[in-house]
Amino acid sequence: MADRPASGQTPAALLLGWYDRHRRVLPWRALPGETPDPYRVWLSEIMLQQTTVQAVGGYFRDFVSRWPTVGELAAAPIEEVMRAWAGLGYYSRARNLHRCAGIVAGDHAGRFPAEEAALRALPGIGAYTAAAIAAIAFDRRAVVVDGNVERVVSRLFRVEQALPAAKPAIRALADGLTPDGRPGDFAQAMMDLGATVCTPRRPACGSCPLAAPCQARAAGDAEGFPRKTPRAGRPVRTGVTFVAIRADGAVLVRTRPPKGLLGGLVETPGTAWHAGPPPAEPLAEVPLPAAWEVLDPPVRHVFTHFPLDLAVWRAHVPKGTPAPPGHRWLPAAEIGAEAFSTLHRKVLRLALG
Ligand code: ADE
């Protein structure tokens, strides 16, 4: 059985002992003996949804220095929050972040609730994030299961069922492991173990505090877990974007609708994106008549649900050229601070050099 190795210590005790020696120092994490700030815990957990620790660090520091409290974030204009978020991806998170800050500041006197159910009622907080905040910010016993935890648990118990079908079984096993004492440290220890030792490729089993009870390691196949159902390939989508550059360096842009992919962000105009070959008649869709040139190669960007090959057409137009309806000229000096997605930053880098 995995829950009582020869040392007599539970996996939770082994893991907490390891955490006391090897815990990562992260910008949002309280140091030993410090009381966690729920605002910082919440902000980090929203930023860390589908985003790596490394990518989040700078954004987190920027947000807490601009808006040190939930009240200050709530009072900021949404456009400013979107601009600060630009580049992190999954932009609905930024809108929900701002809505959530407004509710906590307005209805909860600036204090985050500690119960999972109350946290889940807030915008942008799902089951995982509610559990993580309850555990990390309030030291409530909560079962925190993300991809790291799924990997650790599926290896520890050698779960043969494949993901995603195995999720309920893995969750039940994780529940059984979660201690009553130090649940916040336990959750963070699982994250650290998954990120630094129990990695997807070439796990460092020689340094693992759970090596003794780990059943996948005993079977010589830690890397083979979690089992995964192969998923169907996602077809490449293609489209064209048009970069019109005015003689003074201004670029023609528009703002995407608030809902949906890259919602509310600024972009250069373009065609719709479809699976299959590039649009046959993009000339019919140019925003302005001009001498358009096609830049090569297209910009490749991988979204969660599909890769995109976006062809970039560029034209230089005279100073007095009016912006078509729904578009505006963005002065060259404002391009750096505008809320472009990573995709459109790549486009501009190609087109503007
Ligand atoms: N991934 C999600 N939440 C995290 C956290 N609090 N620390 C490290 N990695 C995480």
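Scroll up to find the structure.
Residues numbered from 1 in each chain as written. Predicted model: local features only at pLDDT ≥ 70, side-chain atom pairs only at ≥ 80, totals over all residues. Heavy atoms only, no water.

Caption draft 1: The overall build of the protein, seen in detail. The helix and strand tally for the protein stands at 13 helices and seven strands. Projected onto the principal axes, the alpha-carbon positions of the protein cover approximately 80 × 50 × 30 Å. For the protein, the proportion of its 353 residues judged to be buried stands at 48%. Just so you have it, the protein exposes about 16,900 Å², and 55% of that area is on carbon and sulfur atoms. Side-chain charges in the protein split into 41 positive and 31 negative, and the spacing between the mean points of these groups amounts to 3 Å. (Helix = DSSP H or I, 4+ residues; strand = E, 2+ residues; numbered from the N terminus. Buried < 20%, exposed > 50% of the residue type's maximum accessible area, 1.4 Å probe, protein only. Areas by Shrake-Rupley, 256 points an atom, 1.4 Å probe, with all protein chains shown as cover. Lys, Arg positive; Asp, Glu negative; His and termini not counted. Charge placed at Lys NZ, Arg CZ, Asp CG, Glu CD.)

Caption draft 2: Layout of the site of the ligand. Around the ligand sit Arg 24, Leu 26, Trp 28, Arg 29, Glu 45, Leu 48, Val 53, Tyr 128, Ile 136 and Met 191, and those are all the residues in its vicinity. Within the side chain of Glu 45, a nitrogen or oxygen atom sits 2.7 Å from a nitrogen atom of the ligand. One nitrogen or oxygen atom from the side chain of Tyr 128 is found 3.5 Å from a nitrogen atom belonging to the ligand. In isolation the ligand has 260 Å² of accessible area, and contact with the protein removes 92% of it. (Near = heavy atom within 4 Å. Polar contact = N/O pair within 3.5 Å; in protein donor to acceptor, adjacent residues only side chain to side chain.)

Caption draft 3: Fine view of unusual backbone geometry. Look at the link from Leu 163 to Pro 164: it is a cis peptide, with omega at 5°. The residue Pro 164 is located in the loop between helix H9 (147-156) and helix H10 (167-177) in this model. Phe 225 connects to Pro 226 through a cis peptide bond whose omega is -5°. Mapped onto the fold, Pro 226 is located in the loop between helix H12 (215-218) and strand S1 (237-246). In the Ramachandran plot, Tyr 90 falls in the positive-phi region, its phi being about 50° despite a non-glycine side chain. Phi at Ala 109 is positive, roughly 55°, even though this residue is not glycine.

Caption draft 4: How the structure looks around the pairing of strand S5 (residues 293-302). Two strands pair when backbone bridges link them, and S5 and strand S6 (residues 307-317) are joined in this way by seven bridges, in the antiparallel orientation. Looking at S6, one finds that Val 294 is bridged to Trp 313. (Pairing = 2+ DSSP bridges.)

Caption draft 5: Expanded view of the pairing of S6. Of all eleven residues in S6, nine are buried; the element is thus mostly enclosed. Between S5 and S6, which follow one another and run antiparallel, lie four residues.

Caption draft 6: Main features of the packing of aromatic side chains. Throughout the structure, instances matching the rule amount to ten aromatic pairs. Judged by centre distance (5.0 Å) and plane angle (40°), the ring pair of Trp 42 and Phe 112 falls under tilted. Placement of the pair is Trp 42 in helix H2 (residues 38-48) and Phe 112 in the loop between helix H6 (92-107) and helix H7 (116-120), with a sequence separation of 70 residues. One exposure class covers both Trp 42 and Phe 112, and it is buried. Centroid distance Trp 273 to Phe 306: 6.4 Å. Interplanar angle 55°. Geometry classified as tilted. Taken together, the residues Trp 273 in the loop between strand S3 (266-267) and strand S4 (274-275) and Phe 306 in the loop between S5 and S6 connect sequence positions 33 residues apart. (Phe/Tyr/Trp six-rings, centres within 6.5 Å; stacked < 30°, edge-to-face > 60°.)

Caption draft 7: Structural detail: the nonpolar core. Among the nonpolar cores identified, the biggest contains 67 residues, and Trp 42 and Phe 63 are the most heavily contacted of them. Broken down by element, the residue count for this core peaks at eight residues, all from helix H8 (residues 127-138). Discounting residues that sit within four places of it in the chain, Phe 63 has contacts with Leu 43, Met 47, Leu 73, Val 81, Ala 84, Trp 85 and Leu 97. In this structure, Leu 15, Val 197, Ala 211 and Cys 214 belong to the second largest nonpolar core, which totals 31 residues. (Core = buried A, V, L, I, M, F, W, Y, C linked by side-chain atoms within 4.5 Å. Contact = heavy atoms within 4.5 Å.)

Caption draft 8: Focus on the pattern of salt bridges. The full count for this structure, using the stated rule, is 19 salt bridges. With a shortest N-O distance of 2.8 Å, Arg 29 and Asp 192 are connected by a salt bridge. One end of the pair, Arg 29, is in the loop between helix H1 (11-22) and H2; the other, Asp 192, is in helix H11 (residues 183-196), and 163 residues separate them in sequence. Residue Arg 29 is classed as buried on the basis of its relative accessible area of 9%. A relative accessible area of 0% places Asp 192 in the buried class. Here Arg 140 makes a salt bridge to Glu 115, at a shortest N to O gap of 3.7 Å. (Salt bridge = Lys/Arg side-chain N within 4 Å of Asp/Glu carboxyl O.)

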